[in-house]
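Architecture at a glance
Here are the chains, one letter per residue:
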Amino acid sequence: MTGGWPDHLFLVGCGNMAGQMLARWIACGLDPARVTVLRPSGRAVADGVTVVADYPAALPRGTTILLGMKPYQIAEVARALAPLCTADTPIMSILAGTTLNELRSRFAAATDIVRAMPNLPVGLGQGVVALFTDDRTSPAARSHIDALIAPLGLAEWMADEMLFNRVTALSGCGPAFLFRFVDALARAGEAIGIPADQAARMALATVQGAANMAAGAQVSPAALADQVASPGGMTREGLNILDADDRLLVLLTDTLAAARDRGEAMARGG
Ligand SMILES: NC(=O)c1ccc[n+]([C@@H]2O[C@H](COP(=O)([O-])OP(=O)(O)OC[C@H]3O[C@@H](n4cnc5c(N)ncnc54)[C@H](OP(=O)(O)O)[C@@H]3O)[C@@H](O)[C@H]2O)c1
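The name that an unreviewed UniProt entry assigns to the chain is Pyrroline-5-carboxylate reductase, with the source organism given as Sphingobium naphthae. Entered under Function (unreviewed entry) in the UniProt record, the comment concerning the chain runs "Catalyzes the reduction of 1-pyrroline-5-carboxylate (PCA) to L-proline."

What follows is the structure, encoded as structure tokens:
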């Protein structure tokens, strides 16, 4: 490791998600010359990054692997990649639904294997990355992964792999849910008479500013909402609608539960 970065990073697949992670790492100082991307198309990634369409004969010493292809490709990838791994090749997988046990059985020589579930804002350094591993992974490897994830945003180690699918429902799918909320706030503004383009701009800026404010506040978002709502005022009147019968809470719980259930069905092959 050099300055928190792996001596070499080997990405298998560099599409929407791994591409965002790599872009952020390079923006934060990872030397592109230390990166190799394997992608069947052979399409260029970023200046200085080596792109290959086939597996090399060996990996450079000190290589960390990021598995970033589609989950169903794991068998084919492991057949080619596992023989190149040694006990000191850390592997981080972002494959949804591929368990640590499955990764361990496919990469038997590797000791340090970590599952990660990132979300798309990692490209801005404002993502959320859930992490999971077991006791076989060394503390040094955990620290290495912590250092690699730090530029991407919030990292949360999960105590139980069972939580992975639920976390995906919250933070993985969360950006889409928030996009819907912003759109609904804008359309609600339009419904009460604000010109559509202004309502759209104001809804987005309100959500952005409020999220930043909540992130820097000393109190929870729930307490903040009450702090800014004086009794008998406009905000309180609006909150009364959101809060009635826990309307918003019920809606979001149903939303996350549906996403979680779909993830579990997909993991069973549904
Ligand atoms: N998208 C998300 O929000 C998100 C969030 C969390 C986790 N993930 C996980 O991230 C992984 C990738 O998702 P994605 O949305 O980034 O998919 P994607 O955009 O389709 O990217 C897939 C990548 O895999 C490469 N690839 C295709 N066939 C391959 C093969 N046989 N061997 C090695 N690489 C191959 C592709 O190469 P080319 O570039 O040459 O086509 C591409 O770079 C999935 O496992 C998913 O579960 C995604």
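Across the 5 residues of strand 1 (residues 8-12), 5 count as buried, placing the element largely inside the fold. Burial along strand 1 is two-sided: the face carrying His8, Phe10 and Val12 and the face carrying Leu9 and Leu11 are both buried. Two strands pair when backbone bridges link them, and strand 1 and strand 4 (residues 63-67) are joined in this way by 5 bridges, in the parallel orientation. Paired with phenylalanine 10 across the strands is isoleucine 65, a residue of strand 4. For the crossover that starts at strand 1, traverses helix 1 (residues 16-27) and ends in the parallel strand 2 (residues 35-38), the hand is right-handed.

Time to look at the packing of aromatic side chains. Tallied over the full model, the rule gives 0 aromatic pairs. It is arginine 142 that lies over the ring of tryptophan 157; its NZ or CZ is 5.1 Å from the centre.

Turning to the nonpolar core, a few remarks are in order. Soluble globular proteins tend to pack their nonpolar side chains together in the buried interior. Among the nonpolar cores identified, the biggest contains 27 residues, and Val12, Ile65, Leu67, Leu81, Ile91 and Phe107 are the most heavily contacted of them. Those elements that provide at least two residues to this core are strand 1, strand 4, helix 2 (74-81), helix 3 (100-106), strand 6 (113-118), strand 7 (127-132) and helix 5 (164-172). If one sorts the elements of this core by residue count, helix 2 sits on top with 4 residues. Setting aside anything within four residues of it in sequence, one finds leucine 67 in contact with Val12, Ile74, Val77, Leu81, Ile91, Met92, Ser93, Ile94, Leu95, Leu103 and Phe107. One finds Leu22, Trp25, Leu30 and Val114 within the second-largest nonpolar core, a separate group that totals 25 residues.

Turning next to the side chain of threonine 89. Here threonine 89 shows up in the loop between helix 2 and strand 5 (91-93). Given a relative accessible area of 5%, threonine 89 falls into the buried group. Here threonine 86 takes part through its backbone nitrogen, which lies 2.9 Å from a polar atom of the side chain of threonine 89. Non-local contacts of threonine 89, meaning those with residues more than four positions away in its chain, are made with Leu59, Thr63, Ile65, Ala110 and Asp112.

Per the UniProt record, the feature "domain: Pyrroline-5-carboxylate reductase dimerisation" (unreviewed entry) sits at residues 161-265. Helix makes up 80% of residues 161-265 and strand 0%, and the two end C-alpha atoms of the span are 16 Å apart.

Close to the ligand lie 24 residues; Cys14, Arg39, Ser41, Met69 and Gln73 are nearest. Alanine 96 is positioned with one of its backbone polar atoms (N or O) 3.0 Å from an oxygen atom of the ligand. Starting from 900 Å² of accessible surface for the ligand in isolation, the protein chains cover 79%. Residue assignment for the shell around the ligand shows that the elements contributing at least two residues are helix 1, helix 2 and strand 6. Residue classes in the shell around the ligand are distributed as 14 nonpolar, 6 polar and 4 charged.

Glancing now at the pairing of strand 6. Burial runs high along strand 6: 6 of the 6 residues are buried. Neither face of strand 6 is open: one carries Ile113, Arg115 and Met117, the other Val114, Ala116 and Pro118, and all of them are buried. Pairing of strand 5 with strand 6, which is carried by 3 bridges, proceeds in the parallel orientation. Considered in strand 6, the bridge of serine 93 is made with arginine 115. Read as a crossover between parallel neighbours, the route from strand 5 over helix 3 to strand 6 is right-handed. Bridge count between strand 6 and strand 7: 4 bridges; the pairing is antiparallel. Looking at strand 7, one finds that arginine 115 is bridged to phenylalanine 132.

With that settled, consider the packing of helix 6 (residues 174-191) against helix 7 (residues 196-216). At a closest axis distance of 8 Å, the pairing of helix 6 and helix 7 adopts a crossing angle of 135°. Overall, the two elements helix 6 and helix 7 adopt an arrangement that is oblique. For the crossing formed where helix 6 meets helix 7, the hand is right-handed. In contact with Leu178, Phe181, Val182, Leu185, Ala186, Gly189 and Glu190 of helix 6, helix 7 contributes Ala196, Ala199, Ala200, Ala203, Leu204 and Val207. Partitioning the contact of helix 6 with helix 7 into residue classes produces 11 nonpolar, 1 polar and 1 charged.

Conventions adopted
- Counting restarts for each chain: residues are numbered from 1 in the order of the written sequence.
- In view of the model being predicted, local features appear only for residues whose pLDDT reaches at least 70, and side-chain atom pairs are presented and counted only at 80 or more, with totals across whole chains, interfaces and linings using the full set of residues.
- Heavy atoms from the whole structure form the basis of all side-chain values; hydrogens and water molecules are not counted.
- UniProt positions are given in the numbering used here, feature names are shortened, and annotations may be inferred rather than shown by experiment.
- Think of it in three bands: with a 1.4 Å probe and only protein chains considered, a residue is buried below 20% of the maximum accessible area for its type, exposed above 50%, and partly exposed in between.
- Counting from the N terminus, the helices are the DSSP runs of H or I reaching at least four residues and the strands are the DSSP runs of E reaching at least two.
- Two strands are said to pair when DSSP picks up at least two bridges between them.
- For crossovers, right-handed means that the path from the first strand over the helix to the second runs clockwise, given strands pointing away from the viewer.
- When two rings of Phe, Tyr or Trp (its six-membered ring) have centres within 6.5 Å they constitute a pair, described as stacked for plane angles under 30 degrees, edge-to-face for angles over 60, and tilted for the intermediate range.
- Placement of a positive charge over a ring is assigned whenever Lys NZ or Arg CZ falls within 6 Å of the ring centre and within 35 degrees of the normal to the ring plane.
- Buried Ala, Val, Leu, Ile, Met, Phe, Trp, Tyr and Cys residues that are joined via side-chain atoms within 4.5 Å together make up what is termed a nonpolar core.
- Any two residues whose heavy atoms approach within 4.5 Å at even a single point are treated as in contact.
- Here a polar contact means two N or O atoms within 3.5 Å. Within protein one must be a hydrogen donor candidate and the other an acceptor candidate, and residues neighboring in sequence count only if both atoms are side-chain atoms.
- Whether a residue is near a molecule or strand depends on its heavy atoms: if one lies within 4 Å, it is near.
- Surface accessibility in these figures is a Shrake-Rupley result with a 1.4 Å probe; residues are shielded only by whichever protein chains are displayed.
- Three residue categories are used. Nonpolar comprises Ala, Val, Leu, Ile, Met, Phe, Trp, Tyr, Cys and Pro, charged comprises Asp, Glu, Lys and Arg, and polar comprises the others, including Gly.
- For helices, the fitted line uses only the C-alpha atoms of the stretch in contact; every axis is such a line through C-alpha atoms, and the angle between N-to-C directions lies from 0 to 180 degrees.
- For classification, angles of less than 35 degrees are called roughly parallel, those exceeding 145 degrees roughly antiparallel, those between 65 and 115 degrees roughly perpendicular, and all remaining angles oblique.
- Left-handed describes a crossing whose near helix is turned anticlockwise from the far helix through less than a right angle; right-handed describes the clockwise counterpart.

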